[in-house]
Amino acid sequence: MDRQIRPIYEALDTNSNKSAILACNKVLKKQPNNLLVKALKALALVRSQKVEEALVLCDEVLAAKPADEATLAAMMHVLRGLGRHMDMVTMYDDAYKQQPANEELGTQTFFANVRIGNWKAAQQIATKMHKQFQDEHYLYWNVMSALLQAKDPNTPETLRPVLLKLAQRLVSQSPTPSYYNADRFHLHVTVLKELGLYDEAYELIESEAGKIICSQFLMCEELRREIWKLKGLTKEAGERAEQQILEVKDRNWLEFLAVLDATFADLTVEGADVESAKGSSSERITQTRELFGKVVEQDGVKDRSGHLALLELEKRCRHHGLATDSTTLTSLLESYFQHFGGKACCFEDLKPYIELEGEDLATWTSVLEKQTAQATSVPDLWRFINAQKLLRYNLTEAQLTPEAETQRAVQCLNAYLEGLHLGKDLPSYELQPADDLAVLAAQIFVNIWKRTGDQTPLYNAAALLEYATTKSKMSYQIRLHLIRIYRLLGLPSLALEHYRGINVKQVQNDTLSHFLLSRASTFSLAATGDITYTNECMETSRIYVSNSEETSEFIVRAFGGEKYSQIPDFILFEECLDNSLQRDLIKMEHVRMRIAHEAINSELVDMELIELKFIFDRLHHDNRDFSILANYQPRCGASFIDQTESLEKTPGFGWLWVFLKIYIKAFQLASDLDDTVEDKLLIGDRPKPSNDPETKLPLKERLTKRKQEEINELSSDEAAFYDYASALSEWLTPYHDYARPPPSVVLAEAAKLTEQKTGHTLKGLELPPDAATNGNGKKDEEPPAVVEPPASISKHFDDVLQRFKEVLDGKAVPFELLHVVTLAQEAYLLFAIETTRFKTASVIKQNKFGGLSQHIKDIRNKSTAVINEMSGALLNRAESEATQESRKAVIEACKPIIHESGLDHDFVLNVAKKITDARKQIYDGIGKGMAKLAKTYA
Amino acid sequence: MSVTRSFKATDLFKFNHINLDLWTETYAISFYLSYLSRWPDMCAVQETPQGRMMGYVIGKAEGTGTERHGHVTALSVAPEYRRLGVSRRFMAWLEKVSDENYRGLFVDLYVRCVNFAAIKMYEGMGYSVYRRVREYYSNLGLGHSVRDEEDGFDMRKPLPRDPMRRSVRSNGRDIVVSANEVP
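Residues numbered from 1 in each chain as written. Chains lettered and ligands numbered in written order. Predicted model: local features only at pLDDT ≥ 70, side-chain atom pairs only at ≥ 80, totals over all residues. Heavy atoms only, no water.

> Explain the overall build of chain B to me, using residue names and the numbers behind them.
Scanning chain B for helices and strands turns up 5 helices and 8 strands. The C-alpha radius of gyration computed for chain B amounts to 16 Å, which stays within 12% of the reference 16 Å derived for 183 residues, consistent with globular compactness. Expressed as lengths along the three principal axes of its C-alpha atoms, the size of chain B is roughly 45 × 40 × 30 Å. Sorting the 183 residues of chain B into buried and exposed places 62% on the buried side. Long-range pairs, those at least 24 residues apart, make up 66% of the contacts in chain B between residues at least 6 apart in sequence. Of the accessible surface of chain B, which amounts to about 7400 Å², a share of 48% is contributed by carbon and sulfur atoms. When the 26 positive and 22 negative side-chain charges of chain B are each reduced to one mean point, those points stand 5 Å apart. (Helix = DSSP H or I, 4+ residues; strand = E, 2+ residues; numbered from the N terminus. Rg over C-alpha atoms; globule rule 2.2 N^0.38 Å. Buried < 20%, exposed > 50% of the residue type's maximum accessible area, 1.4 Å probe, protein only. Contact = heavy atoms within 4.5 Å. Areas by Shrake-Rupley, 256 points an atom, 1.4 Å probe, with all protein chains shown as cover. Lys, Arg positive; Asp, Glu negative; His and termini not counted. Charge placed at Lys NZ, Arg CZ, Asp CG, Glu CD.)

What follows is the structure in C-alpha cells.
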C-alpha cells in the first residue's frame, strides 16, 4: 500500500499535480473506494484549478466520514483550497466523535474552529479536552476561547460577563499559577481587566513574580501601565516614573508623560476645586521643571527627552493658564532648535509646540531667519532645512502670494543644488542629505498651482524632482511626490514607472497601492487591449489571497505555542486585511477596466455580481498609508496630500458604496441569477455578513438608498454619473424582471454546462422533470407597458459633452479631462450592460417589447455619437502633444528652475520630452479605445 | 528618546517609511507572524511622541548548550530617525531579553559586508566579526565586488553568561564558511 501511495505524496510535494493525478488514477482503478487516494486526487485537482472535478471527489470523501489522520490531513488542504472551512469543522467533528480518545483529532477539531473564529465551539471542545486529557494548556485554550467569544461582536451583550466570569473561574482552577508563563499571566490579567477587577489585576502584577514578568516582557509591562491608569494611580505612576528617570536613567517617553500627567492630576479630576487644584499644581510644576532641568543637564545633546519634556510642560501650563513667564516657550523652542536643529527629526518634534501668534511668533521667526543657507556640514544643512520647514509652517495667507512663493521655491532649490556638494562623495545608492530641500521646493510650486490654477509650477516641480531622483535613486519620498504630480498631469505611464521604482512588496501592496490605483480606471487603456493597469490591480491583490490562506494558520500556531498575547492582534490583522477598503477599491477599479476590455457576457456579469454582493456585506478597514507622504505646507492651508488629491475627493467608504450600488444593480439587471440559483452555484463558504445593522435589510432596499455623506465623496462628474445610473436602472428594471428566465431554467442550463465540462451532474441539484425542456415558458402576467425613458438619461450625454468641451479648453488639469472622458465611456458601457438582454430579437418579440427596443436604439445612437465626438477631439489633442511646440512650452514653464549646470536646459528638455510623449500616449490610447467601444456597442 | 513597546501584527500597516530602504527587506506576512507567534518577547518597536514608528527589531532565541543565544533577524530605523540612539536602545534591550528570558551566552546578527555604516555601528556596541558567510545575501547591484555584496558577516557579542568571551574570536574576518553551514 505504502509503495503505491508514496509516489503520490512525492508528486504533490514537488507540485507535479499532473503526475499526482495519474498516480491516483492508477490506484483508484484497483481500489475505487480508497478514501485517502480520492482525497489526494482532490487535492491535486484543486491545485491545478480543476475545481468542478475536485468538488465531486471532495463530496464523496466527506460523505464517507473519514477518520484516519492521513485522509483528514489531505482533506484539510482540499477544503482550505476551496474555501470550505465550515465543512472542515464538520469533518473533524465527525471524526472526533468516532474516536473521542484521540487527542490529535481533538486538537485538529479545535483548530478547525479557531480558523473560522468559531469561539463558542472551540471553547466547548477545549473544555472536553481538558476533562479528558487533563493537560493544563487545554484549560488556557478554554480561557482564551471564552475571552474571544466575549469580545466577539456577534455575542449578545448579556452573555459577555458570563463568559468573562467563566474565564476567570477557569484560570483560578489552574493547578500551576499563571505567572509560570508570561503569556498565561498576560491572559489572566487581561481577563481581570475586562471584568473591571482592577484591584485583583493590580495585586497580580505587583506580586513578586508579577513584577519580574513585567520587567522582562514588554507586553506585560504595557498591561501594567494600563491597569495603573484604570485604577486611577496617576500620581503613583508619576512617582514611579520619576524614580525610573533618575535612578535607572530610563529615557522612555512614557515615563516623562507619566510625570507630566501626575503634575496636572489635580486639574484633570472631574469636579475638582479649580482654584485649590491650581495652587497644588503650581508647586508640582516647579518640581517637575527642576526634574526635567536635571535631565537636560545630565544628557546635554545626547538625548532629547528632557528638552522635549520641558516644552510639553510649558504647553500644558499654558493650556491650564498656569504659565508664569510669557517668554519661556519661545526660549525653550530656541534652545531646542540650537541643540537638535541638526537632526532630521527636529521639525516633527517641534510641530506640536509652534502654533504661535503675535509676539511669540515674531520672536520665534527671527530665531529661525538667522539660519543661513551656507552649509559646511550635514548638521548645518539640516539646521537650514528645519528652519525652512518651521518657518513655512507658520506662514499666513497674506504671505503666500505667487511672487513670494516662487522666491521661496527658488531659494530652496538653490540651497538644494548647493547642498548636493555635501553628499557628492556618497555612493549612488545613498540618500542625499539635501533631499528635503528639493521636496520643499516642489511642495511650494504645487502650492502656487493650487492658489492660481496656473499649471506651469507643476512642471517646475516635476522637473526638479526628476533631477533630485537622479541624485537620490533610493528616495521613495521624491518618487511619491512625482507620482502625485504626474497623476494630476495625466501621465499614468510616468507615475507607474516611479511606483515600480519604489519596489512595493507584500503587505505594502495594501497600504501603498492607493498612490497608483486610486481611480485607476481613469488611466486604463484596457479598451485598446493594453491591460497594464488591469494587471497591476491583479498583482496588487495577491496579498489578500495569501492573507486568507496563511494568517489563520498563525492564529492556530499561537494557540499551539501558547502565545495568547498575540492572538487578538493576529485576528485583527487578518480581519483588517481581509476587509481592507483598498482591496475593494482596487476590485472596483478592476471591474471598471474589465468591462472596457472584455466582452460583456453572462460569465463576466454573473461572477462580478456575486463578488460585489459579498463585498457589499463587508465592514471595511482603511489601512491606506497617507502619512508616509511628507507635508511641509503652511498650517493655514491644505496639506500636500489633499492638494494633490485628484479632484480633491479621496475615494473612501462612501465612494466605494456608491459604485458598488451602481454595479450590483447593473449586473443584477443583466444577470439571470437570482439568490436561489446563486446559492446552488456557490463553491466556497458564503462570507459572514458584517455586524452592520444595514446588512440585515433587504438588498433591494439597500441598493436604492441614497446617502448624502456617500455622495459627498464623489466628484461632481461622478455624482452626475450616479444620477444617470440610478435613472437608467430604474427605468429598465420592470422589463428585465419580466424577461428574465425563471430559476429552474437557469439552473438546468448551468447543470448542462457542468455536465459537459466534468461528466458529473451539479451536486445537490434536483430539477423538476420538465424544467430542462420547458424553455422560457409562458408567463402568467401581462408584460409591463413600455414607458418613455426619463429625459435625464439622454440628457446626461449632452451634459457630458458640454463638460468635456469646458475642460478641453479650460485650465483644468489633464486628470480632470481624462476623468470626464472615462466617465462618459463608463456611462456608455453601463448602458450596454443593461440593454444587452434586449438585443436578442426573440426576447423583444416574446415579451412584446417592440417599443422598448426603439427607445433603447434612440439613446444608443445619441450616446454613440457623443462618444465618437469626444474620441475624435481627444485624438486631435493627442496630435498636438509630443510636438516641438509642446516641448518648448514645458521648457518655457520651467524657466525659474533651469540652472547652468546639472539641472540645465538639456535635462529639462529630456523631462519635457518624457512628459509630452506620455501625454500623447494616454490621449491617443483613450481616444482610440472609445472609438473601438463605440463601434462594438453602436 | 522614544516610546518602546512590543511589536504587533498590525504594525505591518505602519512600517512603510522604515522598510522603503535599500538595506531593509519587506518579507511575506508569514515571516513576521512566525516570529510573533514564537518569540513575541524579542520583537519591539520604538515610536515618536506623535506615535510614528521610528524603527523595529525582530529577534529570536536559538541554539542549545554553549550555543544558546539571541539572534537579531531584522533591525531597521527610518532614515529620519537615525543618529538618535534608536538602534543602540534596541540592541541593549535585546541583549537583556536574551540574557534574562533565554539565558543566552551571546547575541549574534548578520550584516552585508558592504553595509559599512551598520558594521561600524555594531562594532561600537561591542560586536565583532565571528565569521564571514559566503553568498548569504542576494546581489543588490550596487557596483561593489560581487563577493562583498553577497557575503555577510556573522557578528557576535558575548553576554554576562560568557565571562570568558568564548563565543567570539579576534580573527573572525578570516574565517570563511558557506551559507549552508550556518543555521
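> Tell me what's going on with the overall build of chain A, and back it up with residues and numbers.
Across its full length, chain A holds 48 helices and 0 strands. Expressed along its principal axes, the backbone C-alpha trace of chain A runs to roughly 95 × 85 × 60 Å. Sorting the 938 residues of chain A into buried and exposed places 55% on the buried side. Positive and negative charge centroids in chain A, built from 111 and 135 side chains respectively, lie 5 Å apart.

> Run through the pairing of strand 2 (residues 43–47) of chain B, naming residues and quoting values.
Residues and elements named next belong to chain B. Of all 5 residues in strand 2, 5 are buried, a share of seventy percent or more. Looking at chain direction, strand 2 and strand 3 (residues 53–62) are connected through 5 bridges and run antiparallel. Its bridge partner being in strand 3, Val45 is matched across the sheet by Tyr56. (Pairing = 2+ DSSP bridges.)

> Hey, could you go over the pattern of salt bridges for me, with residue numbers and the actual values?
Residue and element names in this part refer to chain A. Here the structure, examined in full by the defined rule, presents 78 salt bridges over all chains. For Lys914, the salt bridge goes to Glu497, with nearest N and O atoms at 3.6 Å. In this pair, Lys914 sits in helix 48 (residues 905–937) while Glu497 sits in helix 28 (residues 492–502), placing the two residues 417 residues apart along the sequence. When its relative accessible area of 42% is taken as the criterion, Glu497 is described as partly exposed. One network of salt bridges, with partners in common, ties together Lys587, Arg594, Glu598, Glu608 and Glu611. (Salt bridge = Lys/Arg side-chain N within 4 Å of Asp/Glu carboxyl O.)

> Account for the sheet that holds strand 1 (residues 3–6) of chain B, with residues named and values stated.
Residues and elements named next belong to chain B. Spatial strand order, 1-2-3-4-5-7-6-8: 8 strands in an open sheet with mixed pairing. Of all the strands in the sheet, just strand 1 and strand 8 (176–178) have a single pairing partner and so form its edges. In this sheet, neighbouring strand axes are inclined to one another by 30° on average, regardless of whether the strands run parallel or antiparallel. Judged from the 4 bridges that link them, strand 4 (residues 69–77) and strand 5 (residues 106–112) form a sheet pairing that is parallel. When the sheet's bridge partners are listed, His71 is paired in strand 5 with Asp108. (Axes fitted to C-alpha atoms, helices over the stretch in contact; angles between N-to-C directions.)

> Any details on the interface of chain B and chain A? Residues and values, ideally.
Each partner contributes to the interface: chain B provides 52 residues, whereas chain A provides 53 residues. By the criterion of area lost to chain A, the three top residues of chain B are Met1, Phe13 and Leu20 of chain B, representing 18% of everything that side buries. Where chain B meets chain A, there are 2 salt bridges. Measuring nitrogen to oxygen at the nearest pair gives 2.5 Å for the salt bridge that ties Lys505 of chain A to Glu25 of chain B. Of all the secondary-structure elements, those providing two or more residues to the side of chain B that touches chain A are strand 1, helix 1 (16–19), helix 2 (29–36) and helix 3 (86–100) of chain B. In terms of residue class, the side of chain B that touches chain A is built from 26 nonpolar, 15 polar and 11 charged. (Buried area = accessible area lost by both parts, 1.4 Å probe. Nonpolar A, V, L, I, M, F, W, Y, C, P; charged D, E, K, R; others polar.)

> Describe a positive patch on the surface, and please don't skip the residues or the numbers.
Residue and element names in this part refer to chain A. On the surface, Arg3, Lys26, Lys29 and Lys30 cluster together into a positively charged patch. Take the positive patch: its biggest share by element is 3 residues, from helix 2 (residues 17–30). Mapped onto the secondary structure, Lys29 falls in helix 2. Given the relative accessible area of 75%, Lys29 is considered exposed. (Patch = residues over 30% accessible without salt bridge, like charges linked within 9 Å, V, L, I, M, F, W, Y side chains within 5 Å.)

> Break down the domain arrangement of chain B for me, citing the residues and quoting the values.
Residue and element names in this part refer to chain B. On domain assignment, one finds that chain B holds domain 1 (1–104) and domain 2 (109–183). Taking only C-alpha atoms, the centre of domain 1 and the centre of domain 2 are 19 Å apart. Counting from both sides, the interface comprises 15 residues of domain 1 and, opposite them, 18 residues of domain 2. Counting the surface lost from both domain 1 and domain 2, the interface buries some 1400 Å², and carbon and sulfur atoms represent 64% of this. Looking at the side of domain 1 facing domain 2, the largest losses of area belong to Trp23, Met91 and Glu95, adding up to 37% of the total buried there. Inspection of the domain 1/domain 2 interface yields 2 salt bridges. Residue Glu95 is joined to Lys157 by a salt bridge in which the shortest nitrogen-to-oxygen separation is 3.1 Å. Mapped onto the side of domain 1 that touches domain 2, the elements with two or more residues apiece are strand 4 and helix 3. (Domains from an automatic or database assignment.)

> Lay out the UniProt feature "domain: N-acetyltransferase" (unreviewed entry) in chain B in plain terms, naming residues and giving numbers.
In the UniProt entry, the feature "domain: N-acetyltransferase" (unreviewed entry) is given for residues 2–160 of chain B. With 26% helix and 31% strand, residues 2–160 of chain B has end C-alpha atoms that lie 27 Å from one another. (UniProt positions renumbered as here; feature names shortened; annotations may be inferred.)

> Break down the nonpolar core for me, citing the residues and quoting the values.
Of all hydrophobic cores here, the largest spans 204 residues; its most connected members are Trp364, Tyr416, Tyr663, Phe667 and Phe838 of chain A. Among the elements that take part in this core, helix 44 (residues 814–835) of chain A stands out by supplying 14 residues, more than any other. Apart from the residues lying within four places of it in its own chain, the contact partners of Tyr663 of chain A are Met588, Val591, Arg592, Ile595, Leu612, Glu826 and Leu830 of chain A. Judged by nonpolar contacts, the second largest core, of 132 residues, contains Ile5 and Ala39 of chain A together with Val57 and Phe153 of chain B. (Core = buried A, V, L, I, M, F, W, Y, C linked by side-chain atoms within 4.5 Å.)

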